[in-house]
Amino acid sequence: MKKKLKELAEFVGGTVAGDGEVEISGVASIDDAETGQITFIANPKYLRKLTETRASAIIVSNKVTAADRPLICTVDPQLAFTKILTLFFAKPYQPKGIDPHAWISPSVQFGKDITIYPYVYIGDRCRIEDRVILYPGVCVGEDSVIGEDSVLHPNVTLYSGSIIGKKVILHSGVVIGADGFGYVKDGKKNVKIPQVGKVIIEDDVEVGANSTIDRAALGATIIRRGVKIDNLVQVAHGVEIGEDSIIVAQVGIAGSTKIGKNVILAGQVGVIDHLEIGDNVMVGPQSGVGQNLPPNQIFTGTPVIPHRDYLRVATTFPKLPEMRRTLTDIENRMRKIEERLSIKEKEK
Amino acid sequence: MKKKLKELAEFVGGTVAGDGEVEISGVASIDDAETGQITFIANPKYLRKLTETRASAIIVSNKVTAADRPLICTVDPQLAFTKILTLFFAKPYQPKGIDPHAWISPSVQFGKDITIYPYVYIGDRCRIEDRVILYPGVCVGEDSVIGEDSVLHPNVTLYSGSIIGKKVILHSGVVIGADGFGYVKDGKKNVKIPQVGKVIIEDDVEVGANSTIDRAALGATIIRRGVKIDNLVQVAHGVEIGEDSIIVAQVGIAGSTKIGKNVILAGQVGVIDHLEIGDNVMVGPQSGVGQNLPPNQIFTGTPVIPHRDYLRVATTFPKLPEMRRTLTDIENRMRKIEERLSIKEKEK
Amino acid sequence: MKKKLKELAEFVGGTVAGDGEVEISGVASIDDAETGQITFIANPKYLRKLTETRASAIIVSNKVTAADRPLICTVDPQLAFTKILTLFFAKPYQPKGIDPHAWISPSVQFGKDITIYPYVYIGDRCRIEDRVILYPGVCVGEDSVIGEDSVLHPNVTLYSGSIIGKKVILHSGVVIGADGFGYVKDGKKNVKIPQVGKVIIEDDVEVGANSTIDRAALGATIIRRGVKIDNLVQVAHGVEIGEDSIIVAQVGIAGSTKIGKNVILAGQVGVIDHLEIGDNVMVGPQSGVGQNLPPNQIFTGTPVIPHRDYLRVATTFPKLPEMRRTLTDIENRMRKIEERLSIKEKEK
């Protein structure tokens, strides 16, 4: 595919600075781009690379108005680049039908233009909607639903009764609907609490490789529209994650916790059970959340505190041994002063 | 299924307060319960919901003796509820036999009433005992044993020589018996230490989705009877976990460490190698265990300290910047006092 | 297999102390070894076990020159033991060919002496080189390459375009080449950034069970020769890990970070995105790396500081509540002294 720069500018709603007739045949990063390719600079600190790159055109912010190379100037260079990437790389979907080496219950209902690869298993009474793609080794438990245009990559497992929305992407090894982790002691023995709820994943959700989302004990674990979950994330039974939230790799969310909308949990964060995390909250990496968090704030640390406070605390950590020595020193000097002034123990 | 309340009370060893003739046809949480359903309240702080719920009956502790609705009063409401849940949801097991789309070595020995789904692979000389269920995509390496009534969910892998006890549940994506992580330097190169041991999982163990339990270098990694392991947990080579212990999601236990009986490791805890953790120890979430822990205590923190101490330390963290400022202030004031008293450097 | 002790000593480049004619028929740990077996002691603190073990011979360091049992004395007892283990346990490779229950695109190119188990899927235009072993449930996406002598254990997934070197071992559930976690906000919505790069894994790499290595957004995620990665590790898009580095279980490395050569990241370490970690760096368990790290040093903590400093900081943590009390006490005493000396507020 080839596009003129002015066509791309129009496509992303930007303006051309320089020669709009330049032909673009590909996209690449600023360091790897070659003649004929377009790249982008989102962070102003990389603007010096404008003169170094071999790209034929660069997408920049509106603050840049000219360079010795053709530009697309736009409000959000990364968003514009993403749209152009999608334009260049999106392949038209070609349904492959149902491979004869898949095992499919006779009671499964299919939409149209499905792709089912070999070694897929689909249990009784499932509904697989239009243009769904199930890669090799996917196992769909009975009574599950997979909405239109969703893609389940190789070796994904849905336990029975899982409800998957439209345009959902589940990456390899994702496990949806395994039993929540619930036991009650009967003497010394751990008695399993039957996990009879389910998992509901709404539209436009993406779940990264080998992440796990457990079914609720009762009711449902719910991942709302537009949530994006990275790899190796644990979502326990009864959790609800609000719309458009971002859950980064290796986060763990314990049972029945409600995460608000548009929340960001950075990598390796842990959140204990039965909490409420407000809308638009951000939690820094490796933090431990042990209490409800009000909306619209940034938190970091174990246990979490407001991020601004955390920064001050974190810079104090390395000073602790010195502070301790100073404290001992001061105590000694104070004793000396008290002696000098004949201040006695009971007076202190 | 329908049961009278008095029948359920007898089943769980509780007593009825109110109308024991009420018919119960289902179970639900306190918030979702409808007429005809039974629910429970374990935590006294939710007792106010007694009047709000639409449930036809509620299981409560013996301390509650009456309400405007029929009750089952019992020592442990959650245990009683669990028993009733199990009663309502347990389905009689219907063996499905061995699907012709499974690949099974001729040397495998089977017990009776087996269920093997399509795309299961069972290697040479395995023994699969009575009523075992192997879901699609399960791979059982040669010379493995799976005990009576055990269930391996989709895409579980057992490496060769794995020994699985009775009534064991392995959730999807669990990997048992992969090589332990052992190398020795030969110059700059990491030379692999052959991992020639195995994994033994005793009866009544449950392992959560995508958890990994490595084979020992020599000897065995052992998970004792009744241990419950959550999702995405790492158990390294040569670890032993004692009876009835609970290992919460994303915990990592390094090589050769021995965990006692009835231990609880909360989510995201890390334990280094070659340690001994005593019986009945509890470790709080995200803690880092770098030393042996004596039995019967609660620990938290990185590195762990007794939990009571940790609480005090954790509340001090946010005060650190203020403490540092105070310290500087005090030093200055002290210098002033010393000047006033003509205390000289060498006297301090 | 049986070997005389003197043969084994020669094989590992060590010297015999005692009877070199002893016949060795197996290997075991110091505690489990029986007559006829050889064991080793690497750590001098276990030398007392020299007299307790039932082993017929022990591999020790050159500092030990005699015992009441035959010895192999060598520079590196663990390396010598590893070589002998490999000698006793290595089985000659017997190719099994391609099982008819595997699904293989007609355009796949095979080397010789391949082993492909049932329920393997290999997409279009892949190249599978000599002596590769693909276990059940492995899925190889189109346009991938797997180099000579590599082994993919059950249920491994390679997304399209993955390049795997020679003598690579991927353990069960490993996912190579899933989409990196990249979105750009378009209003409130998270728009997916197409991940059009790939993953390159060089020779002699081993990746532990259920670890995930994402494809780059553009360009490649690269795991260099000899890197060893443990279980449940997350390697994000665009990361590069230098030769011979060791990444322990549950580590997470965020996007575009470059890890040097011969680095060790201990268990559960998190590294944020776009960093550079120097050669020969070691990072202690559970640490959080938020800045570039210079080479040849050890770091620990969240955020990381030099390990030596960390040890002092960590021992100060438990003293914090006491330090705080002391500080309050000192403030009070100082106020008293100031009163006595009639030092007024403004003088302080």
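As the structure is a computational prediction, the values presented were derived from the model and not from experiment. Each chain has its residues counted from 1, following the order in which its sequence is written. Just so you know, chain letters begin at A and ligand numbers begin at 1, following the order they were written in. This being a predicted model, a pLDDT of at least 70 is required before a residue's local features are given, and a value of 80 or more before pairs of side-chain atoms are given or counted; all residues contribute to the totals for chains, interfaces and linings.

## Let's talk about the overall build of chain A
The cut-off we apply is this: Numbered from the N terminus, helices here are DSSP runs of H or I no shorter than four residues, and strands are runs of E no shorter than two. Here the radius of gyration uses the C-alpha set of atoms, whereas the globule reference equals 2.2 Å times the residue count to the power 0.38. A residue is called partly exposed when the number of other C-beta atoms within 10 Å of its own lies between 12 and 20, exposed at 12 or fewer, and buried at 20 or more, with C-beta atoms placed from the backbone. What counts as a contact is two residues whose backbone-derived C-beta atoms lie within 7 Å of each other.
The secondary structure content of chain A amounts to four helices and 40 strands. Against the globule reference of 20 Å for 348 residues, chain A gives a C-alpha radius of gyration of 28 Å, more extended than a compact globule. The proportion of buried residues among the 348 residues of chain A is 54%. In chain A, of all internal contacts separated by at least 6 residues, the share reaching a separation of at least 24 is 20%.

## Considering the nonpolar core
What counts here: Here, a nonpolar core denotes buried Ala, Val, Leu, Ile, Met, Phe, Trp, Tyr and Cys residues that are linked to one another through C-beta atoms within 7 Å.
A:Leu134, B:Leu134 and C:Leu134 are the most contacted members of the largest nonpolar core, which has 205 residues in total. Excluding its chain neighbours within four sequence positions, the residues that come into contact with A:Leu134 are A:Ile116, A:Tyr117, A:Val120 and A:Leu152.

## With respect to the interface of chain C and chain B
Spelled out, the test is: Polarity classes work like this: nonpolar for Ala, Val, Leu, Ile, Met, Phe, Trp, Tyr, Cys and Pro, charged for Asp, Glu, Lys and Arg, and polar for all others, with Gly in that last group.
Every contact between the two is made by 57 residues of chain C and, on the other side, 54 residues of chain B. Top contributing element to the side of chain C that touches chain B by residue count: helix 4 (residues 320–340) of chain C, with nine residues. In terms of residue class, the side of chain C that touches chain B is built from 27 nonpolar, 20 polar and 10 charged.

## Some details on the relation of the copies chain A and chain C
Note the threshold: Least-squares fitting of one copy onto the other uses the C-alpha atoms of those residues that reach a pLDDT of at least 70 in both copies.
With an RMSD of 0.1 Å, the fit of chain A onto chain C corresponds to turning through 120° and sliding 0.0 Å along the axis. The relationship between the two copies is best expressed as a three-fold rotation axis. Taken together, the interface assignments show that only 19% of the residues at the interface of chain A recur at the interface of chain C, consistent with different surfaces on the two copies.

## A closer look at the domain arrangement of chain A
Accessible area lost when the parts come together is the quantity often used to give the size of an interface. Note the threshold: As annotated, the domain borders come from an automatic or database domain assignment.
Looking at the assigned domains, one finds that chain A contains domain 1 (3–89), domain 2 (97–308) and domain 3 (318–347). If you average the C-alpha positions of domain 1 of chain A and of domain 2 of chain A, the two centres end up 37 Å apart.

## A closer look at the relation of the copies chain C and chain B
Here two copies of a chain appear, and what relates them is a rotation about an axis with a shift along it. If you rotate chain C by 120° and push it 0.0 Å along the axis, it lands on chain B with an RMSD of 0.1 Å. An asymmetric contact is evident, with only 19% of the interface residues of chain C recurring at the interface of chain B.

## What to know about the interface of chain A and chain C
Contact with chain A, which involves 57 residues of that partner, is made by 54 residues of chain C. Broken down by secondary-structure element, the contributors of at least two residues to the side of chain A that touches chain C are helix 2 (77–89) and helix 4 (320–340) of chain A. Examining the composition of the side of chain A that touches chain C, we find that nine residues originate from one element, helix 4 of chain A, more than from any other. Each residue belonging to the side of chain A that touches chain C can be placed in one class, and the counts come to 27 nonpolar, 20 polar and 10 charged.

## Describing helix 2 (residues 77–89) of chain C
Cut-off, in case you're wondering: Here the expected span of a helix is defined as 1.5 Å times the quantity of residues minus one.
Along its 13 residues, helix 2 of chain C runs 18 Å from first to last C-alpha, staying within 8% of the 18 Å computed at 1.5 Å per residue. Of all the positions in helix 2 of chain C, only C:Pro77, C:Gln78, C:Leu79, C:Ala80, C:Phe81, C:Thr82, C:Lys83, C:Ile84 and C:Leu85 are classed as buried.

## Considering the sheet that holds strand 24 (residues 198–201) of chain A
All names here are of chain A. To keep things clear, this is the line we draw: For two strands to be treated as a pair, DSSP must find no fewer than two bridges joining them.
Taken in spatial order, the nine strands make up an open sheet running 10-13-16-19-24-27-30-33-36, and their pairing is parallel. If you trace the sheet from one side to the other, it starts and ends with strand 10 (109–110) and strand 36 (276–277), each paired once. In terms of strand pairing, strand 19 (residues 163–164) meets strand 24 through two bridges, oriented parallel. Opposite Ile-163, over in strand 24, you have Ile-200 as the bridge partner.

## With respect to the sheet that holds strand 7 (residues 71–74) of chain C
Strand pairing in a sheet relies on backbone hydrogen bonds. The paired strands run either parallel or antiparallel. All names here are of chain C. Rules: Axis lines are fitted through C-alpha atoms, for helices just across the contact stretch, and the angle between N-to-C directions can take any value from 0 to 180 degrees.
One open sheet accounts for five strands, arranged 2-7-6-5-4; its pairing is mixed. Edge positions in the sheet fall to strand 2 (15–17) and strand 4 (26–27), since each has one partner strand and no second. As judged from the four bridges shared by strand 6 (residues 57–61) and strand 7, these two strands associate in the parallel manner. Of the residues in strand 7, the one forming a bridge with Ile-58 is Leu-71. Those strands touched by helix 2 are strand 4, strand 5 (37–40), strand 6 and strand 7, and its axis lies near 145° from that of strand 6.

## Points about the environment of B:Leu47
Residues and elements named next belong to chain B. Within the secondary structure layout, Leu-47 lies in the loop between strand 5 (37–40) and strand 6 (57–61). For Leu-47, a count of 15 C-beta atoms within 10 Å corresponds to the partly exposed category. Sequence separation of Leu-47 and Val-64 is 17 residues, and the distance between their C-alpha atoms is 9.1 Å. The contact partners of Leu-47, leaving out residues within four places of it in the chain, are Ile-41 and Val-64.

## Thoughts on the packing of helix 1 (residues 5–12) of chain A against helix 2 of chain A
Residue and element names in this part refer to chain A. Here is the rule: What makes a crossing left-handed is the near helix being turned counterclockwise from the far one by less than a right angle; a clockwise turn instead makes it right-handed.
Contact geometry of helix 1 with helix 2 gives a least axis separation of 10 Å together with a crossing angle of 115°. Our pair here, helix 1 against helix 2, has a crossing hand that is right-handed. Within the contact between the two elements, helix 1 uses Leu-8, Phe-11 and Val-12 and helix 2 uses Ala-80, Lys-83, Ile-84 and Leu-87. Per-class residue counts for the contact of helix 1 with helix 2 are six nonpolar, no polar and one charged.

## Let's talk about unusual backbone geometry
Residues other than glycine predominantly adopt negative phi, and peptide bonds predominantly adopt the trans conformation. Residue A:Pro303 follows A:Thr302 across a cis peptide bond; omega there is -10°. Within the secondary structure, A:Pro303 is located in the loop between strand 39 (298–300) and strand 40 (305–306). Unlike most non-glycine residues, B:Ser256 shows phi in positive territory, near 70°. As for its placement among the helices and strands, B:Ser256 is situated in the loop between strand 32 (252–253) and strand 33 (258–259).

## Overview of the pairing of strand 6 of chain B
Residues and elements named next belong to chain B. Extensive coverage of strand 6 is indicated by the burial of five of its five residues. Of the strand pairs in this sheet, strand 5 and strand 6 are connected by three bridges, and their pairing is parallel. For Thr-39, the partnering residue across the bridge sits in strand 6 and is Ile-58.

## Some words on the environment of C:Asp203
Relative to the helices and strands, C:Asp203 resides in the loop between strand 24 (198–201) and strand 25 (206–207). The contacts of C:Asp203, once residues within four sequence positions are left out, are C:Gly147, C:Gly165, C:Lys166, C:Lys167, C:Val168 and C:Arg225.

## Things to note about the environment of C:Arg224
Residue and element names in this part refer to chain C. Relative to the helices and strands, Arg-224 is located in the loop between strand 27 (220–223) and strand 28 (228–229). C-alpha of Arg-224 to C-alpha of Gly-260: the two residues are 36 residues apart in sequence and 9.8 Å apart in space. Residues within four places of Arg-224 in sequence aside, it is in contact with Glu-202, Ile-241, Gly-242 and Glu-243.

## Some details on the confidence of the model for chain A
Keep this limit in mind: Per-residue confidence from the predictor is reported as pLDDT, a score between 0 and 100.
For chain A, per-residue confidence averages 95 on the pLDDT scale, and residues scoring 70 or more make up 99% of the total. Confidence metrics for the complex model read pTM 0.96 and ipTM 0.95.

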